[in-house]
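# Examination of the molecular architecture
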Amino acid sequence: MTEAVDTLLQEADAELQRQGWRVARDVVHVGESPVLVAESVAAFLAVVANEAWTDLERSMRLAQAELADLVSSHDRSGRRWDLFVVGLLPERPTESETLQIDQLEDNTLMARKVIYWPGRQELAAVSADRAGGRGAPWLRPFMAFHLEPVVHVSDPLALMHERLLARSFDTATVERAIDSFRERGEVELA
Amino acid sequence: MTMARLVSVEIEAFRGFRHSESISLDADFVLVTGANGTGKTCLTDALTWGLTGKLSHLTDRLRQLPKTEDHIVNRYAAAEGKDARVTLCIRVRGSDYSLTRRGSRRGSTLEVVDATGNLLSKEDQFVAELFGASDPARLLNALTSWGILRQDAMQMVVTAAPERLTPLLAGILGLDQLSKFVASSRQYTRRLNAEVRDMTAQLGQQRDELRRRIEQQERAAMAESPEGEPALVRLADAVRSDHSRWLGKITASEMLDANVVALAGREVGEAIEVLERVLASIAEAAQEEGRAARVLAEAQRSYRPDESAEAKAVRLALAVLQDDTCPVCAHDHPAGTLRGLLENRLRALSSADFKLSPEIGAAQRAHQEGALRMRESAKQRLLDFATRTSIIGLGAEVRSELDRASVESALRELSDLRERLRELYRCLRPAGSSADYRAIVAGVAAQREVVGQVEQQLTEGRRNASQAKAFEDAALEVASEILQAALDDVAFVFSDVYERLSPHPTFRSLELRSLGSFGSARVIPYVSDHEHNVDGNPTLVCSDGQLSVIALSLFLGTALTTDDTPLPFVIMDDPMQAMDVLNVLGFGDLCRQLRDQRQVIVATHDRRFAAILERKLTPRDSGHTTRRVDFLGWSAAGPVVETEILEVEEVPVVLAEAV
């Protein structure tokens, strides 16, 4: 196991525990590849990581079988149908591999498959700070909504006033426009 | 958010429901199942009507129908004379309220009672405030925008996004004032532009008036000033000398009389008209002659009569004529005369031969006679005019054959003369007293002042309009910036919902962008592939199924973002109709998280998807409740409905045991 793969799994372990999942490392074995298994009241998760897609594809297939076997022998609830196998790659795969990945993700037999590599499924609109509190992107389907209070502009017209001044409009013109709009709902410049 | 929940609904004589049917909704997740047409949508309609008294999506359909049509009352119940009734039981902050609405298309009444049956209100305002809305209109807007997602409105959420989403999000983010400010700025610019247009038109009129007055002044100056008199005389003399042959009867002094000049001008004008008509007649006569010639030529080409014996003899004589001796009679004659005689005779004989074809002859004669008549008529018209006009020389233009070139030449000269006479008349006409002249000069000065004022106003108006346009553009830009910044603050909610459903293999992120276009800040959804730095408008790059997911993301994102009338529930009517299994699995996981935020009511006709949702949403702890409402069928009596509360499914701790 390379350092990159090990780092991925350590991060996944920490993240899952932080999100309230019960995590175990040595319950399921797929050859030399380590497997993380996690459980919540809603679902089971197997997380595997490999350097190459071909290895990961094999690991995921085996991990899925092992996970299904483990769950079906211990749990008769509907939760046994909520299995997820997450595959982590440290590098971006090739285009042809991406097609195989899409096909694997579309295959929902036995378990849902989610494959993640850095750069995939990033939330561009979310700042780094906010994204930091939201966990790894591949965990999103299993996470609760983190709804933060809506940031309201308390007085949008005051903001408009400030920004128009910054655009070199003279104070009198801007004030006349804002004041007339506040008073009569109509913009007047002169 | 107000802690509220829909507990139950009782429906009678409303849409698909004929007899009274009570349906419990008391759960944080309610799964409504049933085949199409069993009444699932009537349930959502009942909730909307019960809370607001309106079903606007159906009211639109009534517009073209007779007033007797009713979209509220069940058809069978209407025949029994019943009105519709919907009773909603809601729980707000631990207290139960019962809302009963009765009515039809014509209107409805409302009663709100508490758990003990005490009447609390009959006003819609009370219901609005119960849900945290300031007025019934806001409650209706909240219900139709982020409370209830109708199945027929799914696609519209995306396709009409800029129009619907912009005011919606601007309102949610408290920025609707900005949209109004930009709109008002635009209105102001339009008003100033309209004023500029009016002023431009006014300036044109004032300039025309100034031009007219200046001309008047110049003419008056010519007559008034010491230099003006000789100049006039020179002009009059020039007119007289240039065209003396036409105006021989006008003396030099008469030439300075405006009335005489005007009369001469009218006569010249009349002469021009006559000559134009004569010219037209000459042209028509020439055409007739041309036709006659063509008839003759055609006849000569096609008609070959046997030559008479005399004609043959004359032709022979012409052929053998060599000197002054006649080859017929053997007398001596000058050869030229003889040849001429023989040729004339041959023509006469040939012409006689053509008389053998009466039709051709008649046609040829008709054309010739027509031409002659036209020429004669034109000639007569010209002669008649020449005898009664004071313009001389017209008669001289009448030659025996009416010479076209001469008539054209006369026409040109007379046209030229008319122009000169007009010029002379303009100079002579305003000549008056000095007082008049001073008044004219004063009028020009006053008009110059008016033009100057209007020009100044126009310059100022243009400056103001230009400033207003710059202000409007800046206001739009600022509004877009502020809106975008606010959107960035909430965008992750929309994108979070979208990414949980993950409908597209590469466009894995949903964004909302504020674009200042068409004079207003508009919010437009985009899907993005950040890995390859590519994006696209969903309506152009997504399939119908993917669009449904985007619609759902926009709907739920709005519901989760708003704190303007945050409803305690989200109701989705068949949201999975265009989804594939993967989306439905994602939707199930989404609902699992959503139920902690809102009461979730989902209706579906698809049994497989219903089974997936039921499995995923079965409660695993006592903190959650799931209810199934099955619409088993529909008859004239109404739908057959069964409800079931799903039991909590205990799950063992597997990993601890396995370890």
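The rules behind these values
Residues numbered from 1 in each chain as written. Chains lettered and ligands numbered in written order. Predicted model: local features only at pLDDT ≥ 70, side-chain atom pairs only at ≥ 80, totals over all residues. Heavy atoms only, no water. Helix = DSSP H or I, 4+ residues; strand = E, 2+ residues; numbered from the N terminus. Contact = heavy atoms within 4.5 Å. Areas by Shrake-Rupley, 256 points an atom, 1.4 Å probe, with all protein chains shown as cover. Buried area = accessible area lost by both parts, 1.4 Å probe. Salt bridge = Lys/Arg side-chain N within 4 Å of Asp/Glu carboxyl O. Polar contact = N/O pair within 3.5 Å; in protein donor to acceptor, adjacent residues only side chain to side chain. Nonpolar A, V, L, I, M, F, W, Y, C, P; charged D, E, K, R; others polar. Pairing = 2+ DSSP bridges. Axes fitted to C-alpha atoms, helices over the stretch in contact; angles between N-to-C directions. Buried < 20%, exposed > 50% of the residue type's maximum accessible area, 1.4 Å probe, protein only. Phe/Tyr/Trp six-rings, centres within 6.5 Å; stacked < 30°, edge-to-face > 60°. Lys NZ or Arg CZ within 6 Å of the ring centre and 35° of its normal.

Scanning chain A from N- to C-terminus turns up six helices and five strands. Within chain A, residue pairs in contact and separated by at least 24 positions form 55% of the contacts whose partners lie at least 6 positions apart. Per element, the accessible surface of chain A, about 8,900 Å² overall, is 49% carbon and sulfur.

The helix and strand tally for chain B stands at 20 helices and 15 strands. Working note: accessible area of chain B is about 30,900 Å², and carbon and sulfur atoms make up 50% of it.

What follows covers the interface of chain A and chain B. Of the residues lining the interface, 71 residues belong to chain A; the matching set on chain B comes to 68 residues. Here chain A packs against chain B, burying approximately 6,200 Å² in sum over the two surfaces, 62% of which is carbon and sulfur. Inspection of the region where chain A meets chain B yields eight salt bridges. For the interface between chain A and chain B, the tally reads 18 residue pairs in polar contact (both at pLDDT 80 or more). Those elements that provide at least two residues to the side of chain A that touches chain B are β1 (22-24), β2 (35-39), α2 (53-74), α3 (95-106), α5 (156-166) and α6 (171-184) of chain A. With six residues, α5(A) is the single largest residue contributor to the side of chain A that touches chain B. Among the residues making up the side of chain A that touches chain B, the classes are represented as 39 nonpolar, 10 polar and 22 charged.

A word on the sheet that holds β2(A). All names here are of chain A. An order of β1-β2-β3-β4-β5 is seen for the five strands of this open sheet, with the pairing classed as mixed. Looking at which strands have only one partner, the edges of the open sheet turn out to be β1 and β5 (112-116). Put simply, the sheet's adjacent strands are angled 20° from each other on average, direction ignored. Pairing of β1 with β2, which is carried by three bridges, proceeds in the antiparallel orientation. The partner of Val23 across the bridge, within β2, is Ala38. Of the strands in this sheet, β1, β2, β3 (44-49) and β4 (83-88) touch helix α1 (residues 3-18), which is tilted by about 160° from β3.

It is worth spelling out the side chain of Glu188(A) at this point. Within the fold, Glu188(A) resides in the segment after α6. Excluding anything up to four places from it in sequence, Glu188(A) contacts Arg176(A), Ala177(A), Ser180(A), Tyr188(B) and Arg191(B).

Quick look at the sheet that holds strand β4 (residues 84-92) of chain B now. Residue and element names in this part refer to chain B. As summarised here, the arrangement of the six strands in space is β2-β1-β4-β5-β6-β7, forming an open sheet in which the pairing is antiparallel. Since the sheet does not close on itself, it has two edges, and those belong to β2 (21-24) and β7 (119-121), each with one partner. If you compare each strand with its neighbour and ignore which way they point, the axes differ by 25° on average. One ladder, built from four bridges, connects strand β1 (residues 4-12) with β2; its direction is antiparallel. Along β2, the bridge assignment pairs Ile11 with Glu21. Docked against the sheet, helix α1 (residues 40-52) engages β1, β2, β4, β5 (95-104) and β6 (107-114), running at close to 95° with respect to β5.

On to the pattern of salt bridges, then. A side chain of one charge can pair with a side chain of the opposite charge when the charged atoms of the two come close. All names here are of chain B. Here the structure, examined in full by the defined rule, presents 43 salt bridges over all chains. Note that Arg513 and Glu511 form a salt bridge whose closest N and O atoms lie 3.2 Å from each other. Asp589 is paired through a salt bridge with Arg592; the nearest N and O atoms lie 2.9 Å apart. Residue Asp589 and its partner Arg592 are located together in helix α18 (residues 581-594), separated by three residues, close to a single helical turn. In this structure, Asp589 and Arg592 share a single accessibility class: buried.

All names here are of chain B. Mapping Gly103 onto the fold places it in strand β5. Considered as a pair, Gly103 and Lys82 are 21 residues apart in the sequence and their alpha carbons are 9.0 Å apart. Once residues lying within four places of it in the same chain are set aside, the contact partners of Gly103 are Trp49, Ile72, Val73, Asp83, Ala84 and Ser108.

This next bit is on the side chain of Gln593(B). Here Gln593(B) lies in helix α18. When residues no more than four places from it in sequence are discounted, the contact partners of Gln593(B) are Pro141(A), Phe142(A), Met143(A), Ala144(A), Phe145(A) and Arg500(B).

In this section: the packing of aromatic side chains. A full pass over the atoms with the stated rule returns seven aromatic pairs over all chains. Measuring from centroid to centroid gives 6.2 Å for Phe131(B) and Phe569(B), while their planes differ by 85°, and the two rings are edge-to-face. Of this pair, Phe131(B) sits in the loop between α4 (124-130) and α5 (136-147) while Phe569(B) sits in strand β12 (residues 569-573); the two residues are 438 residues apart in sequence, bridging distant segments of the chain. Each member of the pair, Phe131(B) together with Phe569(B), is buried. Aromatic rings pair up to connect Phe169(A), Phe181(A), Phe181(B) and Phe471(B) into one cluster. Its guanidinium or amino end placed over the ring of Tyr526(B), Arg513(B) lies 4.3 Å from that ring's centre, counting from NZ or CZ.

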